[in-house]
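# Reading the structure
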Amino acid sequence: FDVIPRIVQASDWRHIEAGLKQRINALNKFIDDVYHDQLIIKDGVLPREILDKAKSFRPQCIGLNPPKGIWCHITGTDLVRHTDGAIYVLEDNLRCPSGVSYVLQNRLVMKRSFPQLFADSGVRPVVNYPSQLFQTLSSVAPGGMSDPTVVVLTPGIYNSAYYEHSFLAQQMGIELVCGADLVVKDGYVQMRTTRGTQKVDVIYRRIDDDFLDPKCFRADSALGVPGLMDVYKAGRVTLANAPGTGVADDKAVYAWVPQIIKYYLSEEAILSNVLTYICSNPEDREYVLAHMDELVIKPTNESGGYGIVMGPRASKTELSDCAAQILANPRNYIAQPMLTLSTVPTVIDRRLAPRRVDLRPFILYGDDIYVLPGGLTRVAL
């Protein structure tokens, strides 16, 4: 928590909000297409190799039809502002995006500390996010039922985001469950309670695809629910986000998002991508290998910053090892120029100092697309 608030002007926010709604709409259509007719590949917009070698593409999800055709119910998109003043999308997080609980709690602390600031400034509230989230989850219940049973599925207390799982469940007034609390019985997902079992209709899952169902994905998973995917495929339970959504936040697919928006919506992208070199493209690969000390090299199928090589700060040995990895598996790497991110005043050792930041707004997709008016600012201390 930092006592200096980050201010986002209303005019900037209108631009961000419109761009995020456009982006999520297009990415949802993309996910639905690649698990059905794959028209974007047949029409030559996206190379087949990009999809076939995406580790996050789940063949088990081909032909799935989630309620209302919505795959990405909750998204966290990382934005940065560069020295040119423009706002860029750094990456999309459509699997299990974290951090919204800190947005809500930091805002609560800020309001208690500086109530007059909020009274005078017309700051848009974020406090209704849990109710918006519950409404979004309820709206995609199987068969459009009016009073579904919704739960949050967590890997457990040792997960780094467990605080958020428990906080959101408490704020929505719904049960927080682990895989062992759920069982497939009589063709439905049932929740074990002190009064017997209770049918579950919507699962907000905070578990990665691999661990959801040991009968469908990783057989050694002790976190998921055996048979869950059979119930999901039968349309008797909704999973949010839908399995397979990770294909849209593959870092190689990211490079095609402007074309994806153009293809599905016939619109130009409102929010720009960062210039991206695809190492599976021979020309791009040659450029990356020749300019590694100027670029940021990222593995396409990792998240959370794992495996990133910051060229200007890397040693010759690190760059040499990275070059060998690129040559061994070009599809697994992209490269981008080193951006100079914008700064905000930050309290450092009881003094104010500029520190570089990004911004992660959260987007909900149910009956409509809702963008939380604010986001998680992450600071490079």
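Now for a look at the structure at hand.

Reading the values: the criteria
Residues numbered from 1 in each chain as written. Predicted model: local features only at pLDDT ≥ 70, side-chain atom pairs only at ≥ 80, totals over all residues. Heavy atoms only, no water. Pairing = 2+ DSSP bridges. Helix = DSSP H or I, 4+ residues; strand = E, 2+ residues; numbered from the N terminus. Axes fitted to C-alpha atoms, helices over the stretch in contact; angles between N-to-C directions. Expected span 1.5 Å × (residues − 1). Buried < 20%, exposed > 50% of the residue type's maximum accessible area, 1.4 Å probe, protein only. Contact = heavy atoms within 4.5 Å. Phe/Tyr/Trp six-rings, centres within 6.5 Å; stacked < 30°, edge-to-face > 60°. Lys NZ or Arg CZ within 6 Å of the ring centre and 35° of its normal. Core = buried A, V, L, I, M, F, W, Y, C linked by side-chain atoms within 4.5 Å. Patch = residues over 30% accessible without salt bridge, like charges linked within 9 Å, V, L, I, M, F, W, Y side chains within 5 Å. Areas by Shrake-Rupley, 256 points an atom, 1.4 Å probe, with all protein chains shown as cover. Salt bridge = Lys/Arg side-chain N within 4 Å of Asp/Glu carboxyl O.

Turning to the sheet that holds strand 8 (residues 202-205), a few remarks are in order. Here we have four strands laid out as an open sheet, ordered 4-3-8-9, and parallel in their pairing. Either end of the sheet is taken by a strand with one partner, and the two such strands are strand 4 (175-177) and strand 9 (238-240). Across the sheet, the axes of successive neighbouring strands diverge by a mean angle of 30°, strand direction being ignored. As judged from the three bridges shared by strand 8 and strand 9, these two strands associate in the parallel manner.

Below, the discussion takes up helix 4 (residues 100-113). Under the 1.5 Å per step criterion, the end-to-end length of helix 4 is 20 Å for 14 residues, consistent within 8% with the ideal 20 Å. Buried within helix 4 we find Val100, Ser101, Val103, Leu104, Arg107 and Met110. Lining the buried residues of helix 4 we find helix 5 (115-121), helix 6 (129-139), helix 7 (162-172), strand 17 (362-365) and strand 19 (376-380).

Right, let's get into the side chain of Thr75. Tracing the backbone through its elements, the reader meets Thr75 in strand 1 (residues 74-81). With a relative accessible area of 0%, Thr75 lands in the buried category. Those residues in contact with Thr75 that lie beyond four places of it in its chain are Ile24, Asn93, Leu94, Pro97, Pro361, Phe362 and Ile363.

With that settled, consider the packing of aromatic side chains. Enumeration over the complete set of coordinates arrives at six aromatic pairs. With 5.8 Å between their ring centres and 25° between their planes, Tyr163 and Phe167 make a pair best called stacked. Taken together, the positions of Tyr163 and Phe167, both in helix 7 and four residues apart, correspond to about one turn of that helix. For Phe167, a relative accessible area of 10% puts it in the buried group. An angle of 25° between the planes, with centres 4.7 Å apart, marks the rings of Tyr277 and Tyr287 as stacked. Remark: Tyr287 occurs in helix 11 (residues 282-290) and Tyr277 occurs in strand 11 (residues 277-278); sequence separation between them is ten residues. By relative accessible area, Tyr277 is classed as buried at 15%. The partly exposed category is assigned to Tyr287, whose relative accessible area is 30%. The structure contains a cluster of three or more aromatic residues connected by ring pairs, namely Tyr35, Phe57 and Trp71. A cation over an aromatic ring shows up here: Arg236 above the ring of Tyr188, its NZ or CZ 5.4 Å from the ring centre.

Grouped together as the largest cluster of nonpolar side chains are 70 residues, with contacts concentrated most on Phe30, Leu182, Ile203 and Val247. Formed by 24 residues, the second largest nonpolar core is a distinct cluster that contains Val103, Tyr129, Leu133 and Val152.

Below, the discussion takes up a nonpolar patch on the surface. On the surface, Phe1, Val3, Ile4, Val109, Phe114, Leu117, Val347 and Leu352 cluster together into a nonpolar patch covering about 660 Å² of accessible area. Here Leu352 lies in strand 16 (residues 351-360).

Pairs can form between side chains of opposite charge whenever their charged atoms are close. For the structure on display, the rule yields 18 salt bridges. For Arg81, the salt bridge is made with Asp12, and the minimal N-O distance between the two is 2.8 Å. Of the two residues, Arg81 sits in strand 1 while Asp12 sits in helix 1 (residues 10-34), which places them 69 residues apart along the sequence. Among the ionic pairs, Arg206 bridges to Glu164, the shortest N-O distance being 3.0 Å. Taken together, the positions of Arg206 in the loop between strand 8 and helix 8 (228-233) and Glu164 in helix 7 put the pair 42 residues apart, joining distant regions of the chain. Exposure remark for Glu164: the relative accessible area of 1% places this residue in the buried category.

Here we come to the environment of Leu90. The residue Leu90 is located in strand 2 (residues 87-93) in this model. Here Leu90 falls in the partly exposed class, since its relative accessible area comes to 23%. Along the chain, Leu90 and Ser272 lie 182 residues apart, while their C-alpha atoms are 9.2 Å from each other. Leaving out residues up to four positions away in the same chain, Leu90 has contacts with Asp78, Leu79, Val80, Tyr254, Val274 and Lys298.

Limitation: the analysis is restricted to geometry and does not speak to function.
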